[in-house]
Amino acid sequence: MAHSFDIVVVGGGPAGLAAACMAAEAGRRVALVESTPWLGGQIWRGEQAHPVASEAQQWLARFRRSGATLMERTTVIAAPAAGVLQAEHPDGPRTIHWRQLILATGARELFLPFPGWTLPGVMGPAGLLALVKNGYPVERRRVAVVGSGPLLLAAAAGLREHGARIAVIAEQAPWKRLAGFGAGLLGHPRKLLQGARLKLRLAEVPHRGGVWPVNAVGGDGVERVTLTDGARVWTEDCDLLACGFGLVPNVELPVALGCALAGGFVRVDSWQASSVAGVFCAGELTGISGAEGALVEGQIAGLAAVGQQGRAEKLFRRRDAWGRFGVRLAAAFALRPELGCLADDDTVFCRCEDVTLGRVRGQDGWRSAKLQTRCGMGPCQGRVCGAAAHVVLGWGMDSVRPPLFPVRVACLRVSEPDPVEQDRNQRMDPQSCL
């Protein structure tokens, strides 16, 4: 099936919602392409079924009134030609034509390898919380929340609400940096209040700063995690280990389109325009600054795409304020060098293809590792081990090849047949093919 729109927005989180609303309210034919069955991204997951956040409800209602087309359960897998996206839907392939494109594909959790990280029961904090929201049972189970970033507190609070017993929250950033970041929240009272509420809900949970994992141990599943603060080492018993080290942007689609990167994020100008004509980017693609920053960037991108630069410019000050917040966030939770040395040569580095760090370390770069070991060639297409390789080995992913996600064979086709080639094939003598 082929679809054509003036503006296509990829990603239904806060940035994508805001961009789609701005563009559709300006009278353009707009499609919002979202791979999940819900809107709001991971941060507002579940808001449609069980409303909690008033801001989420406001934007969801605004989108419903905007007249934009929602293409849910639709995953973009390739950009086969200028102005064309190829996507997969449960009912079959989709070809989506666009005149202008706004990318708001968000971010994913960063995982770093350490002995035992592939045990059943070891997963990302956001991933575990998402499973719990979908019915995964954690009541009375001991959960150790380990890694880095504000997401640890939010995940721990959410897990506790569902009956989990939080054994410990271990943050790798030192307390001095965390305290400085907390003091800086005085300029963002809403964020300060959110943090204070989370701490209050977790008042009885041990919260360690400057602590990171050494290994995880268990049989059929994780049973305990070994932690260290650099001076001493101890273990915490747990039934589940929620371990993640912050977020990395989903830049695969922007890179496939040719968008330039800077510091791992898509480089954009004041109007959220990328280096590719007609392609705008918003949200975590351009920097991690939370839902509030993503909303503002999405609004600017949507307004700029419809030529309303005057309205967009009025949002620059708010966008820049959240940008400064993002810079402080990155500095406060910067990863310590010890995290790049957690894995030994026998530790599985690529979980999809079961490749050890020792085999990968023997290569001279990401491309060589893929060719010689199949590292990054599995279902995740290097999204886990590729990001880890940047931290552990200092490598970068030099290219992105379609399809961007594993897809059914039926979707691996050219978006539309070439008319000349189609006519030639129809006139071809069938015997010539024998």
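Residues numbered from 1 in each chain as written. Predicted model: local features only at pLDDT ≥ 70, side-chain atom pairs only at ≥ 80, totals over all residues. Heavy atoms only, no water.

So, on to the side chain of Thr286. By the secondary structure assignment, Thr286 is in the loop between strand S19 (279-281) and helix H8 (290-305). Thr286 gets classed as buried once you look at its relative accessible area, which sits at 19%. The residues contacting Thr286, other than those within four sequence positions of it, are Phe265, Val266, Val268, Gln272, Cys281 and Glu297. (Helix = DSSP H or I, 4+ residues; strand = E, 2+ residues; numbered from the N terminus. Buried < 20%, exposed > 50% of the residue type's maximum accessible area, 1.4 Å probe, protein only. Contact = heavy atoms within 4.5 Å.)

H8 packs onto helix H1 (residues 14-25) with a crossing angle of 30° between their chain directions and a minimal axis gap of 7 Å. The angle between H1 and H8 places the two elements in the roughly parallel class. Note that H1 runs across H8; the crossing there is right-handed. Within the contact between the two elements, H1 uses Pro14, Ala15, Ala18, Ala19, Met22 and Ala23 and H8 uses Ala291, Ala294, Leu295, Gly298, Gln299, Gly302 and Leu303. Across the contact of H1 with H8, the residue classes tally to 10 nonpolar, 3 polar and no charged. (Axes fitted to C-alpha atoms, helices over the stretch in contact; angles between N-to-C directions. Parallel < 35°, antiparallel > 145°, perpendicular 65-115°, else oblique. Left-handed = near helix turned anticlockwise from the far one by under 90°. Nonpolar A, V, L, I, M, F, W, Y, C, P; charged D, E, K, R; others polar.)

Inspection of the secondary structure puts His188 in the loop between helix H5 (175-184) and helix H6 (189-201). Look at His188 and you get buried, because its relative accessible area is 11%. A polar atom in the side chain of His188 sits 3.3 Å from the side chain of Arg328. (Polar contact = N/O pair within 3.5 Å; in protein donor to acceptor, adjacent residues only side chain to side chain.)

Residue-level pLDDT values for the protein average 92, and 94% of them are 70 or greater. Of the regions scoring below 50 in pLDDT, residues 415-434 engages in 8 contacts with residues more than four places distant in sequence or in other chains. (pLDDT = per-residue confidence, 0-100.)

Okay, the sheet that holds strand S14 (residues 233-237) next. Within the open sheet, the 3 strands sit side by side as S12-S13-S14. Their pairing is antiparallel. Of all the strands in the sheet, the pair left with one neighbour each is strand S12 (212-218) and S14. Neighbour-to-neighbour, the strand axes of the sheet open up by a mean angle of 25°, direction not taken into account. Pairing of strand S13 (residues 222-228) with S14 involves 5 bridges; the strand directions are antiparallel. (Pairing = 2+ DSSP bridges.)

Further remarks concern the packing of helix H3 (residues 125-133) against helix H4 (residues 151-161). Each pair of packed helices can be described by the angle between their axes along with the distance between the axes. Contact geometry for H3 and H4: axes closest at 9 Å, N-to-C directions at 25°. With respect to H4, the element H3 is oriented roughly parallel. Judged by the twist between their axes, the crossing of H3 over H4 is left-handed. Across the interface between the two elements, Pro125, Ala126, Leu128, Leu129 and Val132 of H3 pack against Leu151, Leu152, Ala154, Ala155, Gly158 and Leu159 of H4. Looking at the contact of H3 with H4 residue by residue, the class counts come to 10 nonpolar, 1 polar and no charged.

Turning our attention to helix H2 (residues 54-66). Residues spaced three or four apart along an α-helix face the same direction, because each turn holds 3.6 residues. When the terminal C-alpha atoms of H2 are compared, their 18 Å separation across 13 residues agrees well with the 18 Å that a helix rising 1.5 Å per residue should span. Turning to H2, its buried residues are Ala56, Trp59, Leu60, Ala61, Phe63 and Ser66. Those residues of H2 that are buried are in contact with H1, strand S2 (30-33), strand S3 (69-71) and H8. (Expected span 1.5 Å × (residues − 1).)

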